[in-house]
Amino acid sequence: MTIIALGINHKTASVELREKVAFSPEQLTEALHQLQHSSQFKESVIVSTCNRTEIYCSLESADPQALLGWLSEFHNIEQQDLTENVYVHMNQDAVNHLMRVACGLDSLVLGEPQILGQIKQAFSTAKQHQAIQPTFERLFQKTFSVAKQVRTETDIGASAVSVAYAAVNLAKHIYGQLDKTQVLLIGAGETIELVAKHLSQHNPKSITVANRTIERAQNLAKEVGGSVISLAQLPDALPDADIVISSTASTLPIIGKGVVEQALKKRRHKPMLFIDIAVPRDIESQVAELDAAYLYSVDDLQAIVNENLASREQAAVEAQQIIDARTQEFSEWQRSLHSVDVIRQYRQSAQEIKNELVEKALNQLQSGKDADKIIIELANKLSNRLTHAPTRAIQEAAREGNIDKLAQLKQTLGIEQE
């Protein structure tokens, strides 16, 4: 049996092609149904995210073209277009790749944890459609175990590697717990949206979103249980904010030194944290001159991110060592399955010989023949039949002068080595 991983991701293909190859929930059901009812594929799991589509299959043959052809036909895409952009891993390499993906080593953001949940969901869906047999059950459970071990024993996910996450991490580092803080977010673009999502996990006392377009701010505030104000209302809202995080497309500063100074007076100089992620800046640099005002720019955060990326890259080396060891363990388990079949066949053959000879001996005893002679004859025949094949193998190795094979046979048969 051959395990194949065939995929396309952010490294190998454009967004346009990735969109064509992605599976909707309805398509996923149909795809698993087709693969399951094909004589070529034994087991199948399909992982489909915004950054990758990967199909893991076990096949009787070692021909990935069958899977590539099926994918091309399913999505009605020219096979040549896929061939130029897909990657294919087989057997031990496929196992290693799956474990790397699950641990976040192949992700756009090194070490990101979301992909593990997506793989678990893909496995669960395949299982619901009866596309999983013992080999993939063992493989994916092993993969989930490896991902947990990597998270526990390395720092692959310990450091912030996005500016949005770094901003929230910085706030958490300064305040400890965020559940008593009031947060003011300025802007409603993609970066602030990510900040809001990370923030909501720490349950701040309140989140207020200030934006030029109220409707967009309302959509974001609804997702995180926050409130909305316009940019004109910022001077009134600032005194209530412990943490201010800003990222707009404005070409001029939105918050100046003077308005912060007034806010601090109303707060009786209770400290405020300002994090300016915008380029150009949203918050005047002179704000940092004020006592009780702590201002961090995007450059400060990027320095943290770069340092953390280096830390994650070191952790990735450690993670790969764990993955390589667990890949080897799975390969050994696969090989042991073949030995089980050989042992079963060998024992069955010996059992058949024994049954045949015992039946003859019992018939002879019933006919009144001498019992001692029958027992000796049974022992001789059984010994001769069981040693026939090994004897021929030894003779053949000796004729060929194959010393290595002779040594292996002696070891296998338990013959004392000289």
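All of these numbers come straight from a predicted model, not from anything done at the bench.

Caption draft 1: Region of interest: the sheet that holds strand β2 (residues 41-48). With antiparallel pairing, the four strands of this open sheet are ordered in space as β2-β3-β1-β4. Each edge of the open sheet carries a strand with a single partner, namely β2 and β4 (87-90). Going from strand to strand, the sheet's axes swing by 15 degrees on average, the running direction of each strand aside. Each of β2 and β3 (52-59) touches helix α6 (residues 114-128); the most contacted strand, β2, lies at about 140 degrees to it.

Caption draft 2: Just helix α2 (residues 25-36), in detail. Spanning 12 residues, α2 covers 17 Å between terminal C-alpha atoms, matching the ideal 16 Å at 1.5 Å per step. Packing partners of the buried residues in α2 comprise β2, β3, α3 (65-75) and α6.

Caption draft 3: A nonpolar patch on the surface, seen in detail. Together, Val 358, Leu 362 and Leu 365 make up an exposed nonpolar region whose accessible area comes to about 230 Å². Looking at where Leu 365 falls in the secondary structure, it is placed in helix α13 (residues 298-366). Judged by relative accessible area, Leu 365 falls into the partly exposed class, the value being 41%.

Caption draft 4: Local environment of the nonpolar core. In this structure, Val 45, Trp 70 and Phe 140 are the most contacted members of the largest nonpolar core, which totals 62 residues. Beyond its immediate stretch of four places on either side in the chain, Phe 140 contacts Val 45, Tyr 56, Leu 98, Ile 119 and Phe 123. The next biggest cluster of nonpolar side chains, apart from the first, holds 29 residues, and it includes Ala 167, Ile 207, Val 224 and Val 298.

Caption draft 5: Representation of the UniProt feature "site: Important for activity" (unreviewed entry) in the chain. In the UniProt entry, the feature "site: Important for activity" (unreviewed entry) is given for His 97. Here His 97 shows up in helix α5 (residues 92-102). Using a relative accessible area of 7% as the deciding quantity, one classes His 97 as buried. Setting aside anything within four residues of it in sequence, one finds His 97 in contact with Ala 5, Glu 54, Tyr 56, Tyr 87, His 89 and Asp 106. A distance of 2.7 Å separates polar atoms of two side chains, one belonging to His 97 and the other to Glu 54.

Caption draft 6: Structural view of the packing of helix α9 (residues 190-200) against helix α10 (residues 214-224). Direction vectors running N to C along α9 and α10 enclose 20 degrees, while the axes themselves pass 9 Å from each other. Put simply, α9 runs roughly parallel to α10. Seen from above, α9 lies across α10 with right-handed handedness. From α9, Glu 190, Ile 192, Glu 193, Ala 196, Lys 197 and Ser 200 reach across to α10, where they touch Arg 216, Leu 220, Glu 223 and Val 224. By residue class, the composition of the contact of α9 with α10 is four nonpolar, one polar and five charged.

Caption draft 7: Just helix α7 (residues 134-153), in detail. Helix length check: α7, at 20 residues, gives a terminal C-alpha distance of 28 Å against a target of 28 Å (1.5 Å per residue), a fit within 8%. Within α7, burial applies to Thr 135, Phe 136, Leu 139, Phe 140, Thr 143, Phe 144, Val 146, Ala 147, Gln 149 and Val 150.

Caption draft 8: Molecular detail of the pairing of β3. Counting buried positions over the eight residues of β3 gives eight, a clear majority of the element. Alternating residues of β3 divide into Arg 52, Glu 54, Tyr 56 and Ser 58 and Thr 53, Ile 55, Cys 57 and Leu 59, and every residue in both groups is buried. Judged from the eight bridges that link them, strand β1 (residues 2-9) and β3 form a sheet pairing that is antiparallel. What sits directly across from Leu 6, in β3, is Ile 55. Alignment of β2 against β3, held across seven bridges, turns out to be antiparallel. Among the inter-strand pairings, Ser 48 is bridged to a residue of β3, identified as Thr 53.

Caption draft 9: Representation of the domain arrangement of the chain within the structure. If you check the domain split of the chain, you get domain 1 (2-159), domain 2 (163-300) and domain 3 (336-413). Placing the centre of domain 1 and that of domain 2 at their C-alpha centroids yields a distance of 40 Å.

Scoring rules and cut-offs
- Residues numbered from 1 in each chain as written.
- Predicted model: local features only at pLDDT ≥ 70, side-chain atom pairs only at ≥ 80, totals over all residues.
- Heavy atoms only, no water.
- Pairing = 2+ DSSP bridges.
- Helix = DSSP H or I, 4+ residues; strand = E, 2+ residues; numbered from the N terminus.
- Axes fitted to C-alpha atoms, helices over the stretch in contact; angles between N-to-C directions.
- Contact = heavy atoms within 4.5 Å.
- Expected span 1.5 Å × (residues − 1).
- Patch = residues over 30% accessible without salt bridge, like charges linked within 9 Å, V, L, I, M, F, W, Y side chains within 5 Å.
- Areas by Shrake-Rupley, 256 points an atom, 1.4 Å probe, with all protein chains shown as cover.
- Salt bridge = Lys/Arg side-chain N within 4 Å of Asp/Glu carboxyl O.
- Buried < 20%, exposed > 50% of the residue type's maximum accessible area, 1.4 Å probe, protein only.
- Core = buried A, V, L, I, M, F, W, Y, C linked by side-chain atoms within 4.5 Å.
- UniProt positions renumbered as here; feature names shortened; annotations may be inferred.
- Polar contact = N/O pair within 3.5 Å; in protein donor to acceptor, adjacent residues only side chain to side chain.
- Parallel < 35°, antiparallel > 145°, perpendicular 65-115°, else oblique.
- Left-handed = near helix turned anticlockwise from the far one by under 90°.
- Nonpolar A, V, L, I, M, F, W, Y, C, P; charged D, E, K, R; others polar.
- Domains from an automatic or database assignment.

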